[in-house]
Amino acid sequence: MNNFKILAINSGSSSLKFKLYDMPAGNICVGGIVERIGSSEAQFSINDKTKTVPIENHENAVKCLLEELLEQNFINQLNEIVGVGHRVAHGGEFFKKSTVVKEKELEKIEQLGELAPLHNPVNAMGIKVFSEILPQSIQVAVFDTAFHQTIPSYNYLYPLPYSLYQKYKIRKYGFHGTSHQYVSQKAAKVMDLNFKESSFITCHLGNGASICCIKNGKSLDTSMGFTPTDGLMMGTRCGSIDPMILPFLQKNLYLSVDEVEHIINNESGLLGISGISNDFRDVQISAEKGNPLSKISIKMFVKRISEYILSYASELKRIDGIIFTAGIGEHSAYVRREICKQLACIGVRLNSRKNRKNEKIISSENSEVKVLVIPTDEELVIAKDTYKLVHNLVKV
Ligand code: ADP
């Protein structure tokens, strides 16, 4: 096996998150984030140390990052970075797995910007910038949607005119695929199961949240849909609602399409109901102090999650485990307990001590279904997929 340095990149409209890995060992050399790109007071954080510097655009951000990696001796020369793996939000029906990106693939990722206007264009820009500044490195795209490409048509179609799917590809795509895949594979290892024969329900509960039903190692259904707004109630997103509410707002309150979009994506969810925050911890503190709307918002959040779990349980003959991950899933014993209370009907029993300690397996011995807490690591998957593809192309 050849040893390479691989960069895992997550580019946002004004930010660039990075982690440099030693592969195939998977050790992190360094990680950080450049925020407020485009400002004279951009924040560059590397290994938890932050400095304020002017960074005009993503190109500058990448240059700044590479200079810093050289200066701090994380690399001795640029060509040590053999591959750069990029998180890409939308792969549509075209990309079913991680892919080396050349001109044709980049064009396709840009075209798919129609389906993910906030994400794909900046992801594509990140790829372009790295291929220009690090021309000797191989660019790889890792798609949030790829894991869900196994969802069967009866689960991915909406009951709309079929022509809308044929002409405009309006269907469920699902997101957070890298995370759902990673935690379910990890759980299979923890439980000594063959992943390809294992069935899990994975709950990625962060600011954005989604659930996935995994049968025989493949995504069978997931809660996010055509966009990441669908499904669960989230920090600021509403999740599934009666679709007629949207035209109602437009017709009766004379709101524009952009205004309606802003409400459902930025002003709803935990923030919308509680009026306090999109951050679960803040809402919980306020609920504990007796704020009735914060209490209701947490009840709604929990109820929707348990409803999804129960409906997915009915699709699986056997559940090897229910997995909690991401900010809330990994850290909130309270949320896990409240959700699991609703799952008593399928034989779920928690061990409260293990739950409080965020242990790996938190169900009790007599639980009919195992419940696990598995920290997600999307960057590691990006680095591993990139290494695999790069390794096949480069013979050092
Ligand atoms: P994202 O990556 O989607 O922005 P994260 O996975 O980082 O989100 O999760 C953020 C959420 O996790 C926030 O709502 C935050 O309040 C919640 N969170 C983090 N730590 C805790 C904790 N100890 N208890 C409850 N919620 C937590």
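Note that the coordinates shown come from a computational prediction; the quantities given were computed from them, not determined experimentally. Note on numbering: residues in each chain are counted from 1, in written sequence order. Under the rules for a predicted model, residues below a pLDDT of 70 receive no local features and side-chain atom pairs below 80 are neither given nor counted, while totals for whole chains, interfaces and linings still include all residues. To get the side-chain values, take all heavy atoms of the structure and skip hydrogens and water.

A look at the sheet that holds strand E6 (residues 81–88)
- The mixed open sheet is built from 8 strands, whose spatial order is E5-E4-E3-E2-E1-E6-E8-E7. Edge strands, defined here as strands with exactly one partner in the open sheet, are strand E5 (49–55) and strand E7 (99–100).
- Strand pairing requires that DSSP identify at least two bridges connecting the strands. Only runs of H or I of at least four residues qualify as helices and only runs of E of at least two qualify as strands under DSSP, and these elements are numbered from the N terminus. Across 4 bridges, strand E3 (residues 27–35) lies against strand E4 (residues 39–46) in antiparallel orientation. Looking at E4, one finds that isoleucine 33 is bridged to serine 45.
- Packing of helix H1 (residues 58–71) onto the sheet brings it into contact with strand E2 (16–23), E3, E4, E5 and E6, and relative to E4 it is tilted by some 40 degrees. Contacts are assigned to residue pairs with any non-hydrogen atoms lying within 4.5 Å of each other. Under this scheme, a helix contributes an axis fitted over its contacting stretch, all axes are lines through C-alpha atoms, and angles between N-to-C directions fall in the 0 to 180 degree range.

Notes on the UniProt feature "binding site: substrate" (unreviewed entry) in the chain
- UniProt positions are given in the numbering used here, feature names are shortened, and annotations may be inferred rather than shown by experiment. Mapped onto the present numbering, the UniProt feature "binding site: substrate" (unreviewed entry) falls on Arg87.
- Topologically, arginine 87 is positioned in strand E6.
- Once you skip the residues sitting within four places of it in the chain, arginine 87 turns out to touch Ile9, Asn10, Asn123, Val142, Asp144, His176, Glu378 and Ile382.

Structural notes on the site of the ligand
- Close to the ligand lie Gly206, Asn207, Gly208, Asp279, Phe280, Arg281, Ala326, Gly327, Ile328, His331 and Ser332, which account for all nearby residues.
- Taking phenylalanine 280, its main chain carries an N or O atom lying 3.0 Å from an oxygen atom of the ligand.
- The backbone of arginine 281 places a nitrogen or oxygen atom 3.2 Å from an oxygen atom of the ligand.
- Computed with the Shrake-Rupley method and a 1.4 Å probe, the accessible areas treat only the protein chains shown as cover for residues. Expressed as a share of its isolated accessible area of 570 Å², the protein-covered part of the ligand is 66%.
- Of all the secondary-structure elements, those providing two or more residues to the shell around the ligand are helix H10 (280–288) and helix H12 (326–331).
- Ranked by the residues each element gives to the shell around the ligand, the list is headed by H12, at 4 residues.
- Each residue gets one label: Ala, Val, Leu, Ile, Met, Phe, Trp, Tyr, Cys and Pro are nonpolar, Asp, Glu, Lys and Arg are charged, and the others, such as Gly, are polar. When its residues are assigned to classes, the shell around the ligand shows 3 nonpolar, 6 polar and 2 charged. For this purpose, a residue is taken to be near a molecule or strand whenever a single non-hydrogen atom of the residue falls within 4 Å of it. Polar contact is defined as a pair of N or O atoms within 3.5 Å, subject to the rule that within protein one atom must be able to donate a hydrogen and the other to accept it, and that residues adjacent in sequence are counted only when both atoms are side-chain atoms.

Details of a nonpolar patch on the surface
- There is a patch of nonpolar side chains on the surface, built from Ile273, Leu293, Ile296 and Met300 and spanning about 300 Å² of accessible area.
- No other element matches helix H11 (residues 292–315), which puts 3 residues into the nonpolar patch.
- Residue placement: isoleucine 296 occurs in helix H11. Two distance rules govern patches: like charges are joined within 9 Å, and nonpolar side chains (Val, Leu, Ile, Met, Phe, Trp, Tyr) within 5 Å, applied only to residues with over 30% relative accessible area and no salt bridge. A pair is scored as a salt bridge if a Lys or Arg side-chain nitrogen falls within 4 Å of a carboxyl oxygen belonging to Asp or Glu.

Observations regarding the layout of surface pockets
- Throughout, the protein atoms alone are placed on a 1 Å grid, and a set of points is a cavity if a 1.4 Å probe fits but cannot get out or a pocket if it is open with protein on both sides within 12 Å along at least five of seven lines; lining residues have an atom within 4 Å of a point. Grid points are joined across faces, edges and corners, and a volume is the space filled by probe spheres set on the points. Within this model, the second largest pocket holds a volume of roughly 780 Å³.
- Along the wall of the second largest pocket there are 28 residues; nearest its centre are Gln181, Gln185, Val381, Asp385 and Lys388.
- For the lining of the second largest pocket, the elements supplying multiple residues, two or more each, are strand E8 (138–143), helix H6 (177–190) and helix H15 (378–393).
- Considered class by class, the residues forming the lining of the second largest pocket number 9 nonpolar, 10 polar and 9 charged.
- Segment limits for the domains were obtained from an automatic or database-derived domain assignment. Both domains that meet at the lining of the second largest pocket, namely domain 1 (4–143) and domain 2 (192–378), each give it at least three residues.

Overview of the UniProt feature "site: Transition state stabilizer" (unreviewed entry) in the chain
- Mapped onto this numbering, the UniProt entry gives "site: Transition state stabilizer" (unreviewed entry) at His176 and Arg237.
- In this structure, histidine 176 sits in the loop between helix H5 (162–168) and H6.
- Once residues within four sequence positions are removed from consideration, histidine 176 is found in contact with Arg87, Asp144, His148, His204, Gly208, Ala209, Ser210 and Met224.
- Assignment of secondary structure puts arginine 237 in the loop between strand E11 (218–222) and helix H7 (245–252).
- Categorising residues by exposure relies on relative accessible area from a 1.4 Å probe, with only protein chains included: less than 20% of the type maximum marks a residue as buried, more than 50% marks it as exposed, and the intermediate range marks it as partly exposed. Arginine 237 gets classed as partly exposed once you look at its relative accessible area, which sits at 22%.

Side note on the pairing of strand E10 (residues 209–215)
- Most of E10 is tucked away: 6 of the 7 residues are buried.
- Between strand E9 (residues 200–205) and the antiparallel strand that follows it, E10, lie 3 residues.
- In the sheet, E10 pairs with E11 via 4 bridges, with the strands oriented antiparallel. Paired with cysteine 212 across the two strands is threonine 222, which belongs to E11.

Here's the deal with the packing of H1 against helix H3 (residues 120–133)
- H3 packs onto H1 with a crossing angle of 50 degrees between their chain directions and a minimal axis gap of 10 Å. The orientation of H1 relative to H3 falls into the category oblique. Taken as a pair, H1 and H3 cross one another with a handedness that is right-handed. When H1 is examined against H3, the residues His58, Glu59, Val62, Lys63, Leu65 and Leu66 are found in contact with a partner set consisting of Met125, Val129, Phe130 and Ile133.
- Its residues placed into classes, the contact of H1 with H3 shows 7 nonpolar, 1 polar and 2 charged. Here the word oblique covers every angle except those under 35 degrees (roughly parallel), over 145 (roughly antiparallel) and from 65 to 115 (roughly perpendicular). For any pair of crossing helices, the crossing counts as left-handed if the nearer helix is rotated counterclockwise from the farther one by less than a right angle, and right-handed if it is rotated clockwise.

Observations concerning the nonpolar core
- The definition of a nonpolar core used throughout is a set of buried Ala, Val, Leu, Ile, Met, Phe, Trp, Tyr and Cys residues joined through side-chain atoms within 4.5 Å. Counting residues in hydrophobic clusters, the biggest one holds 37 residues, and the most contacted among them are Ile201, Leu205, Ile309, Ile322 and Ile339.
- For this core, the secondary structure elements donating two or more residues are E9, E10, H10, H11, strand E12 (321–325), helix H13 (333–341) and strand E13 (371–373).
- At 7 residues, H11 tops the list of elements feeding residues into this core.
- For leucine 205, the residues in contact, after removing those within four places along its chain, are Leu232, Ile305, Phe324, Thr325, Ala326, Gly327, Ile328, Gly329, Val335 and Ile339.

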